[in-house]
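An overview of the molecular structure
The primary structure of each chain is shown beneath.
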Amino acid sequence: MEKIVSLCKRRGFIYPGSEIYGGLSGTWDYGPLGVELKNNIKQLWWRTFVQERDDMCGVDAAILMSPEVWKASGHVDGFQDPLVECAKCKRRFRADQVADTCPECGGKFGEVRQFNMMFKTQIGAAEGEGSISYLRPETAGGIFVNFKNIIDSFHPKLPFGIAQIGKAFRNEIAPRDFIFRVREMEQMEIEYFVRPQEWEQGFESWRNATRGFMESIGVPREHVHELEVAPEDRAHYSKRTIDFEFDFPFGRKELCGLAYRTDFDLSAHAKASGADLTYLDDATGERFTPHVIEPSFGVDRTVLALLASAYTEDELGGEPRTYLKFNSAVAPVKAAVFPLLKNKPELVAKAREVYLMLKKQIPQVMWDDNGNIGKRYRRQDEIGTPYCITIDFDTLGETASLKDTVTIRNRDTGEQERVSVDSLVSRIA
Ligand code: ATP
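Cut-offs used in this document
- Residues numbered from 1 in each chain as written.
- Predicted model: local features only at pLDDT ≥ 70, side-chain atom pairs only at ≥ 80, totals over all residues.
- Heavy atoms only, no water.
- Buried < 20%, exposed > 50% of the residue type's maximum accessible area, 1.4 Å probe, protein only.
- Helix = DSSP H or I, 4+ residues; strand = E, 2+ residues; numbered from the N terminus.
- Arc of directions from axis to C-beta.
- Contact = heavy atoms within 4.5 Å.
- Pairing = 2+ DSSP bridges.
- Axes fitted to C-alpha atoms, helices over the stretch in contact; angles between N-to-C directions.
- Near = heavy atom within 4 Å.
- Polar contact = N/O pair within 3.5 Å; in protein donor to acceptor, adjacent residues only side chain to side chain.
- Areas by Shrake-Rupley, 256 points an atom, 1.4 Å probe, with all protein chains shown as cover.
- Salt bridge = Lys/Arg side-chain N within 4 Å of Asp/Glu carboxyl O.
- Parallel < 35°, antiparallel > 145°, perpendicular 65-115°, else oblique.
- Left-handed = near helix turned anticlockwise from the far one by under 90°.
- Nonpolar A, V, L, I, M, F, W, Y, C, P; charged D, E, K, R; others polar.
- Phe/Tyr/Trp six-rings, centres within 6.5 Å; stacked < 30°, edge-to-face > 60°.

Okay, helix α6 (residues 147-154) next. Note on helix geometry: an α-helix contains 3.6 residues per turn, so any two residues three or four positions apart are oriented the same way. When we look at burial in α6, the residues that qualify are F147, I150 and I151. Along α6, the residues classed as buried sweep out an arc of 100 degrees about the axis, all on the same side. Where α6 is buried, its residues contact β3 (56-58), α5 (140-144), β9 (160-169), β10 (184-194), α8 (264-273) and β14 (279-280).

Okay, here's the thing in structure tokens:
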């Protein structure tokens with residue numbers, strides 16, 4: 001795990017939050033390559049679950065919401081973790097994550113108390129109870145409060161779903177394990193509305209879709225395990241939950257979840273707001289409150305699962321190397337273009353031409369002319385670039401039959417092939 005954290009910092013994937021001020025616990029900043037990786041994941045998710053389906057639509061709701069939302073959803077009263085404090089060193093822990101004594105100093109714990117994980121904030125200039133709101137602890141709230149808007153403006157037929165990607169905040173008692181447990185995170189969530197009697201069918205199809213998505217982006221199926229969550233461990237709104245756990249370097253832990261939230265949320269919001277959140281079935285004339293299946297993905301945990309799955313150490317040409325075996329769809333850089341020598345203007349000019357041609361069609365292409373070719377390969381391997389393209393004298397026509405061909409090197413095998421410039425886009429994309 002230390003190796004992954006160090007690679008992420010060194011190569012510009014992920015940095016500690018507010019680092020020059022000593023850091024801020026539970027926050028991480030995504031650097032240039034991290035943000036590309038994260039965006040690729042989000043775009044693939046959006047494409048798979050929203051754009052390619054005709055029973056889904058998306059929203060991007062405000063992070064700040066009326067505090068009434070979180071009262072109605074049960075988060076003000078129930079979104080809490082058990083907290084214990086060590087009598088000796090005063091450190092605080094989540095009671096369900098520690099044994100009977102303090103892991104830091106061996107001291108005794110005081111009474112377990114409940115700690116609400118929502119970040120409180122104040123809206124507007126006037127202070128006082130009336131101006132308190134919360135940073136959303138899950139994106140789902142923004143979906144439920146827009147249920148009526150979607151019905152009124154799009155008239156979707158059941159079953160249908162609403163998706164959202166966005167930040168969520170939890171004042172975790174013990175943030176840990178790099179970006180696994182953070183205080184500011186990003187979620188990709190779907191609320192899929194169904195007829196009450198059809199919830200099992202919906203649950204099953206989202207169970208398969210969740211597995212399929214993880215596999216499609218490069219999280220190996222054999223490292224994802226389903227855990228049927230026992231009733232006493234389920235969130236307050238859930239009648240059935242499956243946690244999809246992943247074999248992280250620090251153990252098997254939740255990667256994403258699937259919950260059957262019944263009509264808990266729509267009914268609670270209808271009651272608290274007075275709005276009509278029922279659905280009128282045209283076919284039967286029946287009016288009822290839909291039930292909901294919720295697949296909930298953490299972006300940061302998905303990034304970490306991908307990093308852990310891709311991190312590889314091997315030997316190439318008799319030398320040890322470290323590389324990230326990303327699949328092309330998520331790789332932050334799809335290909336790197338090099339001139340063989342950086343002090344030969346004609347090589348550099350041709351390489352720039354190839355680079356700019358590729359970049360127009362595949363924006364995530366990188367230019368590199370630093371150091372010798374071997375070093376450039378090493379650097380690109382380390383950030384997971386699937387292909388390296390080198391422009392040499394043959395590209396310029398030194399051997400007439402090879403004019404306008406380049407070498408393309410495969411990251412995983414290290415093998416090089418000579419191909420025409422015209423074929424590059426279709427090979428890389
Ligand atoms: P955990 O039991 O690990 O605290 P949870 O069951 O509270 O997680 P959910 O409420 O189901 O998590 O949230 C949905 C998803 O959001 C999780 O599967 C996870 O991917 C992500 N997530 C939740 N809390 C965090 C966090 N503190 N840091 C990073 N991702 C998180």
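Read across the open sheet, the three strands follow the order β5-β4-β6; overall the sheet is antiparallel. Strands with a single pairing partner mark the edges of an open sheet, and in this sheet they are β5 (92-94) and β6 (113-116). Each strand axis lies, on average, 45 degrees off the axis of its neighbour in the sheet, ignoring direction. Summarising the sheet, strand β4 (residues 80-85) and β5 pair through three bridges and their orientation is antiparallel. Paired with L83 across the two strands is R94, which belongs to β5.

Glancing now at the site of the ligand. Near the ligand you find 15 residues, and of these E172, R181, V182, E254 and L255 are the closest. In the model, a nitrogen atom of the ligand is placed 3.2 Å from a nitrogen or oxygen of the F180 main chain. R301 is positioned such that a nitrogen or oxygen atom in its side chain is 3.1 Å from an oxygen atom of the ligand. For the ligand, whose free accessible area comes to 590 Å², the fraction covered by protein is 83%.

Within this structure, the stated rule accounts for 40 salt bridges. A salt bridge links E172 to R181; the nearest nitrogen and oxygen atoms lie 3.3 Å apart. R181 shares its class with E172; the two are buried. Close ionic contact of K403 with D404 constitutes a salt bridge, the shortest N to O distance being 3.9 Å. On the basis of relative accessibility, which here comes to 30%, the residue D404 falls in the partly exposed class. Counted as one network, the salt bridges with shared partners bring together D81, R94, D96, E172 and R181.

Packing of helix α2 (residues 32-51) against helix α7 (residues 199-217) brings their axes to within 11 Å, and their N-to-C directions diverge by 140 degrees. On the basis of their axis angle, the class for α2 and α7 is oblique. Between α2 and α7 lies a crossing whose hand is right-handed. When α2 is examined against α7, the residues I41, L44, W45, T48 and F49 are found in contact with a partner set consisting of W206, A209, F213 and I217. Residues of the contact of α2 with α7, tallied by class, amount to eight nonpolar, one polar and no charged.

Reading across from one edge, β20-β19-β21-β22-β23 is the order of the five strands in this open sheet, with mixed pairing throughout. In the strand order of this sheet, the two ends are held by β20 (365-367) and β23 (416-420), each with one partner. Here the average twist between neighbouring strands, direction ignored, is 30 degrees.

To continue, consider the packing of aromatic side chains. Applying the stated criterion across every chain yields a total of 24 aromatic pairs. Relative to F297, the ring of W45 has its centre 5.9 Å away and its plane inclined at 75 degrees; by these criteria the two rings are edge-to-face. With W45 in helix α2 and F297 in strand β16 (residues 291-298), this residue pair connects regions lying 252 residues apart in the sequence. Overall, the relative accessible area of 1% leaves F297 in the buried class. Consider the rings of F246 and F248, whose centres lie 4.9 Å apart with planes at 80 degrees: the pair is edge-to-face. A single burial state applies to F246 and to F248, both of which are buried.

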